[in-house]
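Examination of the molecular architecture
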Amino acid sequence: MNYFLTYTVYVLILSVLMGISTWKLFKKLGYNPLFAFIPFYNYFLILKETNHPKWWAVLSYLPIVGPIMMSVFHLYLMSKFGKTSFKDKLLTVILPFIYMATVNYGKDVELEDETQNDLFLTDEEKNAKKKDSFIGSVTFAVVFATIIHVFVTQPFGIPTGSMERTLLVGDFLFVNKWSYGYRLPMRPLAIPFLQGTITDTGEKGNPKDDPKSYVDGVKLPYERIFQFNKPQKKDIVVFNYPQDSVHTAIDRKDPYVKRCVAVAGDTFEMRAGRLFVNGKAETFLGDQEVQHRYIVTTGSQLDIPSLYKIYGFLPVQEQQTDKGYIYGFQGLTDKTAAEIKQLPQVIEMKEDIQDKGYAAISYRDQAEKKIDTTQSIFPINKPWNPDWYGPLKIPKKGDVITLNQETLPEYRWIISEYEHNSLENKNGKIFINGKETNQYTIQQDYYMMVGDNRDASLDARFFGFVPEENIVGKPIFTWMSIEGAFKDSSSSYQADGWRIRWDRMFKATNTGEANKTSYWWIAAMILILFFGWEYFVKLFRKKKTGED
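The paragraphs below set out a description of the structure included in this document. The model shown is predicted, which means the values in this text are computed figures rather than measured ones. (Residues numbered from 1 in each chain as written. Predicted model: local features only at pLDDT ≥ 70, side-chain atom pairs only at ≥ 80, totals over all residues. Heavy atoms only, no water.)

So, about the sheet that holds strand 10 (residues 292-298). Within the open sheet, the four strands sit side by side as 11-12-10-13. Their pairing is antiparallel. Only two strands of the sheet have a single partner each, and these edge strands are strand 11 (316-320) and strand 13 (346-351). Ignoring strand direction, the axes of neighbouring strands in this sheet form an average angle of 15 degrees. Here strand 10 pairs with strand 13 via five bridges, running antiparallel. What sits directly across from Ile-295, in strand 13, is Lys-350. (Pairing = 2+ DSSP bridges. Helix = DSSP H or I, 4+ residues; strand = E, 2+ residues; numbered from the N terminus. Axes fitted to C-alpha atoms, helices over the stretch in contact; angles between N-to-C directions.)

Spelled out as structure tokens, the structure:
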């Protein structure tokens, strides 16, 4: 069932529940009881009767926003019948159709005029009304922010160094959800602003036993609208981690940010830590700072904090030996590596490149029988590692691939997880949806996403192809950058406290230019308008009243 048909079914179910639980109340309001069953129009009438903006009715059934607005509208309806106590409000929110039905079918329920007794309200009752008004203002501020978050742009933080020094740890970005067409929400019933889980309540660091921030049973299929562009080579892209085993909902999987280095139909390869696409060496954009791991041997200890003042935070592992010190710099650009090599303490410096033919496979047990696929090279049956990888062709929609025991590890996740088929491998034979076959037709485009910090990036070399349905959008600008916001547990040294990187704020992300323009003045104007709007409106009204 496609997205819009499934969505329509949900709307109709909710509308029937609304009608069954409120038709008598609509009759007491002076309307045809059947109006209680009509989607959107039922809430339009409630807003009309309670003197609220009637256009709010369009928000009734929007994914994520809809449940909040429906609760607000239900409260408005109940207030028309005198159900305004804390207990009434709580029951209306948590058991809406059940509680409204008890009111609807109750014998003593009568319509109340909320304004006729305003002159006789006690101070306590007036304060309660002011409190309700304040709560209403906060609610709609949350609703407005939720609409922006769900349907326009989403904030995203950089907690790891996989894109250093192009994107820094502690950069906070806004992601444009319309860059590659808007992907419609797949879990419409969810807590706003939370990605996958609510909080870490179970085993520390294990999200599998944490409460989810969405209702998994209420789901919609993948659908993307207004897709005029697709990810291109060199784009920095935000996407949902394909092999997230915690969340079945695609749009609730952990968000990752990497560079798209190869698109559907391309051939990707790594040779001695250098990237090649379709046999050609990688070319670099002006803002792209690719890094590699270096091993540095010194005669005495390096002053790492002083280096941080020059280069910013550099993850490094320090080990003392009988002859001096050994440092493993996780990610250095060619320029930074050349400068560190000139330090007087340095005896030897070499790039850390794994041997060709060595398979980078990790295991979950000491006996090395259970492969950890999340930390192992993709696919696991190839003698590849992050420095010597491929050649690997990226699948394209419509490609007909040959399936056998050699190619199956490469396409297993595509067939069974990303394209939702039943896959069995029995007695050397491959079955898809119960039928034996040696071919399969790819149903969507795939991409290769790799971090600019090549030796500190859990990327497509480990988790494989990224499906088009996992693409979120492009980062558009950095709105905040804080050095020291996230600690690196693998580094012997950490950044010295928090420091705001003012020079990175409000700069566009995906321009490819080395020297980006800062748009801080636009941000300042938006903030002035946002916080000063009410002041200017009041000022204008006072002026108009004075003229009259």
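Under the definition given, this model contains 32 aromatic pairs. A ring pair is formed by Tyr-241 and Phe-463, whose centres lie 5.4 Å apart and whose planes are at 80 degrees; its orientation type is edge-to-face. Of the two residues, Tyr-241 is situated in the loop between strand 5 (236-240) and strand 6 (255-262) and Phe-463 in helix 10 (residues 460-463); the sequence distance between them amounts to 222 residues. Neither Tyr-241 nor Phe-463 differs from the other in exposure class; each is buried. Three or more aromatic residues joined by ring pairs form one cluster here, namely Phe-172, Phe-174, Phe-477, Trp-479, Phe-486 and Phe-506. The side chain of Arg-271 reaches across the aromatic face of Phe-276, ending 4.0 Å from its centre. (Phe/Tyr/Trp six-rings, centres within 6.5 Å; stacked < 30°, edge-to-face > 60°. Buried < 20%, exposed > 50% of the residue type's maximum accessible area, 1.4 Å probe, protein only. Lys NZ or Arg CZ within 6 Å of the ring centre and 35° of its normal.)

Moving on: the nonpolar core. Counting residues in each nonpolar core, the largest one holds 44 residues, and the members touching the most others are Phe-268, Tyr-389, Leu-403, Met-448, Met-449, Phe-465 and Ile-471. Those residues within four positions of Met-449 in sequence are excluded, and the remaining contacts are Val-237, Phe-239, Lys-258, Arg-259, Cys-260, Asp-459, Ala-460, Phe-463, Val-466 and Ile-471. Counting 41 residues, the second largest nonpolar core, distinct from the first, contains Tyr-31, Met-70, Leu-77 and Val-143. (Core = buried A, V, L, I, M, F, W, Y, C linked by side-chain atoms within 4.5 Å. Contact = heavy atoms within 4.5 Å.)

Counting buried positions along strand 20 (residues 446-450) gives five out of five residues, so the element sits mostly inside the fold. Residues of strand 20 alternate between two faces, with Tyr-446, Met-448 and Val-450 on one and Tyr-447 and Met-449 on the opposite face, all of them buried. Relative to strand 20, strand 6 runs antiparallel, the two sharing three bridges. Considered in strand 20, the bridge of Arg-259 is made with Val-450. Summarising the sheet, strand 20 and strand 21 (residues 466-467) pair through two bridges and their orientation is antiparallel. Bridged to Tyr-447 within strand 21 is Val-466.

With that settled, the discussion passes to the side chain of Arg-293. Position of Arg-293 among the secondary structure elements: in strand 10. A polar side-chain atom of Arg-293 sits 2.9 Å from a polar atom in the side chain of Gln-317. With residues up to four places along the chain from it excluded, the contact list for Arg-293 reads Gln-317, Gly-328, Phe-329, Gln-330, Lys-350, Glu-351, Asp-352 and Asp-455. (Polar contact = N/O pair within 3.5 Å; in protein donor to acceptor, adjacent residues only side chain to side chain.)

This brings us to the side chain of Glu-483. Within the fold, Glu-483 resides in strand 22 (residues 471-483). Apart from the residues lying within four places of it in its own chain, the contact partners of Glu-483 are Gly-312, Phe-313, Ala-495, Gly-497, Trp-498, Arg-499 and Arg-501.

Attention now goes to helix 7 (residues 304-311). Among all positions in helix 7, only Ile-304, Leu-307, Tyr-308 and Tyr-311 are buried. One side of helix 7 holds all its buried residues, which, seen down the axis, span an arc of 105 degrees. Every exposed residue of helix 7 that faces more than 90 degrees away from the buried side is listed here: Lys-309 and Ile-310. Downstream of helix 7 by one or two residues, Gly-312 has phi in the positive range, about 85 degrees. (Arc of directions from axis to C-beta.)

Next up on the list: the packing of helix 3 (residues 65-79) against helix 4 (residues 86-94). Between two packed helices, the angle of one axis relative to the other and the distance separating the axes together describe the packing. One can describe the packing of helix 3 onto helix 4 by two numbers: an axis separation of 9 Å at closest approach and a directional angle of 140 degrees. In terms of their interaxial angle, helix 3 and helix 4 are classed as oblique. Viewed along their axes, helix 3 and helix 4 form a crossing whose handedness is right-handed. Judged by residue contacts, Ser-71, His-74, Leu-75 and Met-78 of helix 3 engage Lys-89, Thr-92 and Val-93 from helix 4. Partitioning the contact of helix 3 with helix 4 into residue classes produces three nonpolar, three polar and one charged. (Parallel < 35°, antiparallel > 145°, perpendicular 65-115°, else oblique. Left-handed = near helix turned anticlockwise from the far one by under 90°. Nonpolar A, V, L, I, M, F, W, Y, C, P; charged D, E, K, R; others polar.)

Take the pattern of salt bridges next. Applying the stated rule across the entire model yields 22 salt bridges. For Glu-164, the salt bridge identified is with Arg-165, shortest N-O distance 3.3 Å. Comparing Glu-164 with Arg-165, the two get one shared label, buried. Residues Glu-351 and Arg-274 are paired through a salt bridge, measuring 2.9 Å at the closest nitrogen-oxygen approach. Of this pair, Glu-351 sits in strand 13 while Arg-274 sits in strand 8 (residues 274-277), and the two are 77 residues apart along the sequence. Salt bridges here are not isolated pairs; linked through shared partners, they connect Asp-171, Arg-501 and Arg-504. (Salt bridge = Lys/Arg side-chain N within 4 Å of Asp/Glu carboxyl O.)

Strand pairing in a sheet is mediated by backbone hydrogen bonds. Such pairs are either parallel or antiparallel. Read across the sheet, three strands follow the order 16-17-18 without closing on themselves; strand pairing throughout is antiparallel. For this open sheet the edge positions go to strand 16 (423-426) and strand 18 (435-436), each flanked by a neighbour on one side alone. The pairing of strand 16 with strand 17 (residues 429-432) spans four bridges and is antiparallel. Paired with Glu-424 across the two strands is Phe-431, which belongs to strand 17. Helix-sheet contacts for helix 9 (residues 408-418) involve strand 16 and strand 17, and the interaxial angle to strand 16 is about 145 degrees.

Any functional reading would require information that these geometric values do not contain.
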